[in-house]
Amino acid sequence: MIGSIIVSMFICFAITDLFKLEKKFKFILLFILLVAIALPIYRFSYNVPEVLYAFFDSPSPLCVILCIYFIVNFFVEKAPKIESNAFVVIAIFGFLFYINYMGFLGPSIYHSNVVIQGLFAFIFALSIGLVSKNMRLLIVGALCFSALNPQISLIESLICPYLWIFSCFYCLILGFKFISKSMQRSKNV
Amino acid sequence: MKFNAFLIAILALIVATSFKIDSRKNHSLNDSNFLLDSSVEIKKAESKMESSVIIDNDFYMAHASQMADLALSGRDNEIMLVYFAGSREGEEDVVISQSFIDKTTLSYTAPKTILNREMLSNFSNKFIRKVGNPLVFSDALGRVHLFVVGVSLGGWATSKIYQFEFLPDLEQLMFKGELHLGAFANLSHLVRNPPILLENGGFMLPVYYELANKYVLMAFFDENANLRFTKKVNELDLQLQPSAIALDSSSCLNFMRVSKNENDNIAFLQKCLDSGNTWEEPIKTNIKNFDSAGVLFKTKNGIYLINNDGFDLDKKELDSGLESLKDELIGAGLYEKIKNKELEDLLNKKENMFNFNVFSFIKKDTKKDTNIYSIPNRARLSLFKLEQDSNFKRINTIQIANEASYPSVVVSYPFVFISYSLNKNNIKVKRLNIENLDSSNIDSINGANK
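For every chain, the first residue of the written sequence is number 1, and numbering continues from 1 along that sequence. Starting at A for chains and at 1 for ligands, labels are handed out in the order in which the entities are written. Totals for whole chains, interfaces and linings use all residues, but because this is a predicted model, local features are given only for residues with pLDDT of at least 70 and pairs of side-chain atoms are given and counted only at 80 or more. No hydrogens and no water enter the side-chain calculation; it runs on all heavy atoms of the structure.

Undergrad: So, the state of the cysteines: which residues are in play, and what are the values?
TA: Cysteine sulfur atoms are paired as a disulfide whenever they fall within 2.5 Å. Evaluation of the coordinates by the stated rule reveals one disulfide over all chains. In this model C252(B) forms its disulfide with C272(B); the gap between the sulfur atoms is 2.0 Å. On the criterion of sequence distance, the pair formed by C252(B) in strand β16 (residues 252-258) and C272(B) in strand β17 (residues 266-273) is long-range, its members being 20 residues apart. Burial classes follow relative accessibility: with a 1.4 Å probe on protein chains only, a residue under 20% of its type's maximum area counts as buried, one over 50% as exposed, and anything between as partly exposed. Its relative accessible area of 0% is what places C252(B) among the buried residues. Judged by relative accessible area, C272(B) falls into the buried class, the value being 0%. No disulfide involves C144(A); its sulfur sits 17 Å from the nearest other cysteine sulfur, which is in C63(A). Numbering goes from the N terminus for both helices and strands, where a helix is a DSSP run of H or I of at least four residues and a strand is a run of E of at least two.

Written out as C-alpha cells, the structure reads:
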C-alpha cells in the first residue's frame, strides 16, 4: 500500500512537472493534486492509491525507489538524471518476461526454480547497470529489499506492471521525439 | 557507483537472496507424502438408498458449489456445502453461502451468508467488485479452509485468490491473506477444485492462470497453510480448472478443463510422481470437454470422472432417455406428443416454446442429419470410469437439465455425494451408493434425478 501511495505521489509530481509554471503556481498545483489523490473518487469510497493497489497490486521496490528519486529531483534541480536507455532496457526485458509469464514464450521463468530466476534477475540488473550509471545504486537498493523480504522475488524487485508500462510509454515518447527530430533534420537539409 | 562495485554488489545480493528464498521454499520440493483416503465410513448408514436434495436458495442464481467432508474436523456425519448465489453471476449482490448437510438423512441447514464483496473488501483492504468460486476442504489436521476468488478490475480473468480458515465453530472466518501467485499485478489466478492433502497438514492446491494462454499451476502449502511455492506442471495452452487426486502416497492424477475448442476439445490427463515434484507429460484421453468444469474422484472401486459431455444424441438414445423421463414428461404434457413423433414438428417451430426444463435444451441440429439432436454442452452431467491409462468409459448419467454443471464430490463410504449447479438456479446434492456407481442402468440414475 505504501508503494501505491508513493507511485500516486509520483504521478502528481510528474503532472506538475509537465507544466512550465512559476515555482509558486507549481507548488499550488502540486498541493491540489496531492489532496485530490487522497480524497475518495466520486461515488466510490476508495482514493487513487487504494484503487491502484486493488487493481495492480504493490509496485516493485525499484519502481518505488525510482519514484522517490524523481520526487527528490523535483526539489533538487542539479540532481543527476536517469539515462533514457535504462527505460528502453526495462521495456524490452519486461516485454520478454511478461510474454513468457503469460505462457507465450518458452517455459515459465517466474514459476521455475530460484537459480533460473536469479540468472534472469542478474542479466536484467546487469543490462540496466551497463547502460545507466545512475541506476546502479537504485538497483542495488531494490535488490536489498528482496534480500530483506524473501516474499518479494528477485525478478519482482526489479520489475512490475507500473514500471514496465511507464517504460513503454517513455520509449514511445523517445521514439516520437527521434522521428520528429529526424524529420526536422531532413527538412533543414 | 563504479561498474565493478555494482557487479559485485548485485551478484552478492542475488546469491544471498536466492539462498534465503531457497531455504524458505525448501528447494521448491514437496517433502511430505500425499494423504491417502481421508474418508470416514458413515456409522449410521442405515439407508443405502440413493437420494438427492435441492438446496433452498433465496437468490435467483446459485452456482459453483463445493463440499467438504467434516469427518477430519470431528463432525463425522456432516458435509459443509458452499456456493455463490445472487441475482446474477458477477453481480454486486453475490454472496458466498454455507450450509451443513447431514450425510444420513440429507437434511440441511438453511443457507447462510458467510462472505460477500464488502466483507472481502474489509478483510483484504482492497476494492472488490465481485466474488465467486468458493472452495472448501478439511486438511489432515482437521482445519477447514476456504478459498474464494475476488475481482477488483474487469472480469473473472483478472481474479485473485483469497485465503481463509474457519474458526472451530465452522461458521466464522479468519482471513489469512491474498495468495501471491503471479508477476503481472498478481492478476488472473483462480481456484475451483479441492487440493490433495499432505500428511504433514499441508496441501497441494490446483489453481489456474486465466489471462491470455491459460495454464495450470500447483500451489504447495506448508503445515501452517502458508504458500511455499508454485509449479507450472505442463506447457499445454488453454487448460483450466485442474482436478487432482492422489493415487497413492506419492503419485497423483490431474484432469483439466479444456478452454474454448483447443485440441478439438480433447481433455488431458497428467500423472505426477514423487509427491508432486515430478510431472509426466500430459496424455490425451477419449474424453471431450466443452469448456466445463469436471472433477476426478477415487473410491475403492476405481477412479471416476464427472464431466459435462456435450454430445449428439441419436433418435434411439433420445427415445431411451425419454422413457426414463416419462413421469416428468407426462407431468409436462409432452410425453404423448413426443411418442407420436410430434417432437420434430415442435422443434421446427419456435425453440422458446419449450420452457419445460428438460426439453428446452434439445435443439435440432440443422447442419447434420435430421435424426440427430444436439444437446448443449452443460445439459448432461455424466459419470465416467477410468479403465486404462487414459481411457474412460461412460457409465451413467447423473443429471439432464438445461444446465447441470460444476460438480463437486465427497466420498464417504458407503456413499459418494455429488453437488452441482442445477440450471444455475439451485444447488442439487445427490447421494449415490458407491457399490452401484458402475451400474450402467440409466433408469436408476434418472430415478435419482427426481
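Undergrad: I'd like a rundown of the pairing of strand β20 (residues 295-299) of chain B, residues and numbers included.
TA: All names here are of chain B. Most of β20 is tucked away: four of the five residues are buried. Only strands joined by at least two bridges in the DSSP assignment are considered to pair. One ladder, built from five bridges, connects β20 with strand β21 (residues 302-308); its direction is antiparallel. Following the sheet pairing, L296 is matched in β21 by L305.

Undergrad: Please set out the sheet that holds strand β5 (residues 112-116) of chain B residue by residue, giving values where relevant.
TA: Residue and element names in this part refer to chain B. Reading across the sheet, the four strands line up as β2-β3-β4-β5 and stay open at both edges, with antiparallel pairing between neighbours. A single partner strand is all that each edge strand has here, and the edge strands are β2 (61-69) and β5. Sheet twist, expressed as the average angle between the axes of neighbouring strands with direction ignored, equals 30°. Alignment of β2 against strand β3 (residues 78-86), held across seven bridges, turns out to be antiparallel. Across the sheet, M61 pairs through a bridge with G86, a residue of β3. Orientation is described by lines fitted to C-alpha atoms, with helices fitted over the stretch in contact, and by angles between N-to-C directions that extend from 0 to 180 degrees.

Undergrad: So, the interface of chain A and chain B: which residues are in play, and what are the values?
TA: With 44 residues of chain A at the interface, the matching set in chain B holds 43 residues. A buried area of about 4,000 Å², summed over both sides, lies between chain A and chain B, and 69% of it is on carbon and sulfur atoms. Should a side-chain nitrogen of Lys or Arg be within 4 Å of a carboxyl oxygen of Asp or Glu, the pair is scored as a salt bridge. Our count for the chain A to chain B interface comes out at one salt bridge. For D57(A), the salt bridge identified is with K126(B), shortest N-O distance 2.8 Å. For the side of chain A that touches chain B, the secondary-structure elements that each account for two or more residues are α3 (48-56), α5 (84-101), α6 (114-131), α7 (136-148), α8 (154-158) and α9 (161-188) of chain A. For the side of chain A that touches chain B, the element with the highest residue contribution is α7(A), accounting for nine residues. Should any heavy atoms of two residues lie within 4.5 Å, those residues are counted as being in contact. The term buried area denotes the loss of accessible surface (1.4 Å probe radius) that occurs when two parts are joined, taken as the sum for both partners.

Undergrad: Give a detailed account of the sheet that holds strand β9 (residues 173-178) of chain B, specifying residues and quantitative values.
TA: Residue and element names in this part refer to chain B. Taken in spatial order, the four strands of this open sheet run β6-β7-β8-β9, and their pairing is antiparallel. Of all the strands in the sheet, the pair left with one neighbour each is β6 (130-138) and β9. Pairwise comparison of adjacent strand axes, ignoring direction, gives a mean angle of 25° for this sheet. Judged from the seven bridges that link them, β6 and strand β7 (residues 144-151) form a sheet pairing that is antiparallel. Its bridge partner lying in β7, L135 is registered against F147.

Undergrad: Could you give me a rundown of the nonpolar core, with the residues and numbers involved?
TA: Ranked by internal contacts, the top residues of the largest apolar core, which has 83 residues, are L62(A), M135(A), I139(A), L158(A), I10(B), F147(B) and L205(B). Apart from residues lying up to four places away in sequence, L205(B) is in contact with L135(B), F147(B), V191(B), N193(B), P195(B), L217(B), M218(B), A219(B) and F221(B). Grouping buried Ala, Val, Leu, Ile, Met, Phe, Trp, Tyr and Cys residues that are joined through side-chain atoms within 4.5 Å yields what is termed a nonpolar core.

Undergrad: How would you sum up the packing of α5(A) against α6(A)? Please name residues and give values.
TA: How two helices pack is summed up by the angle between their axes together with the distance between the axes. All names here are of chain A. One way to put it is that α5 packs onto α6 with a least axis distance of 8 Å and a crossing angle of 160°. Classified by the angle between their axes, α5 and α6 sit roughly antiparallel to one another. The way α5 lies across α6 gives a crossing that is right-handed. From α5, N85, A86, V89, I90, F93 and F97 reach across to α6, where they touch F120, I123, F124, S127, I128 and V131. Taken together, the residues of the contact of α5 with α6 break down into 10 nonpolar, two polar and no charged. An angle below 35 degrees is read as roughly parallel, one above 145 as roughly antiparallel, one from 65 to 115 as roughly perpendicular, and any other as oblique. Crossing handedness is read from the near helix: turned anticlockwise from the far helix by less than a right angle, it gives a left-handed crossing, and turned clockwise, a right-handed one. Each residue gets one of three labels, nonpolar for Ala, Val, Leu, Ile, Met, Phe, Trp, Tyr, Cys and Pro, charged for Asp, Glu, Lys and Arg, and polar for the others, Gly among them.

Undergrad: Just give me the short version of the packing of aromatic side chains, but keep the residues and values in it.
TA: Aromatic contacts are taken between Phe, Tyr and Trp rings whose centres are within 6.5 Å, Trp giving its six-membered ring; a plane angle under 30 degrees counts as stacked, one over 60 as edge-to-face, and the others as tilted. Applying the stated criterion to the full structure yields 38 aromatic pairs over all chains. Their ring planes at 40° and their centres at 6.0 Å tell us that F166(A) and Y170(A) sit as a pair that is tilted. Of the two residues, F166(A) and Y170(A) both sit in helix α9, four residues apart, roughly one turn of that helix. Taking the relative accessible area as the measure of exposure, Y170(A) reaches 25% and is therefore partly exposed. Through a chain of ring-to-ring contacts, the aromatic side chains of F93(A), F97(A), Y98(A), Y101(A), Y110(A), F120(A), F124(A), W164(A), F184(B), Y209(B) and Y215(B) assemble into a single cluster. Sitting over a ring, as applied to charges here, requires NZ of Lys or CZ of Arg to be within 6 Å of the ring centre and within 35 degrees of the ring normal. Against the face of F100(B) rests R75(B), its NZ or CZ located 4.8 Å from the ring centre. K130(B) extends its terminal NZ or CZ atom over the ring of W156(B), reaching a point 4.5 Å from the ring centre.

Undergrad: Report on the pattern of salt bridges, specifying residues and quantitative values.
TA: Scanning the model with the defined rule gives 19 salt bridges over all chains in all. For the salt bridge of K176(B) with E165(B), the shortest nitrogen-to-oxygen distance reads 4.0 Å. Of this pair, K176(B) sits in strand β9 while E165(B) sits in strand β8 (residues 160-166), and the two are 11 residues apart along the sequence. The exposure class assigned to K176(B) is partly exposed, which follows from its relative accessible area of 30%. Judged by its relative accessible area of 12%, E165(B) falls in the buried class. Linked through salt bridges whose partners overlap, the residues forming this network are D57(A), K126(B) and E178(B).

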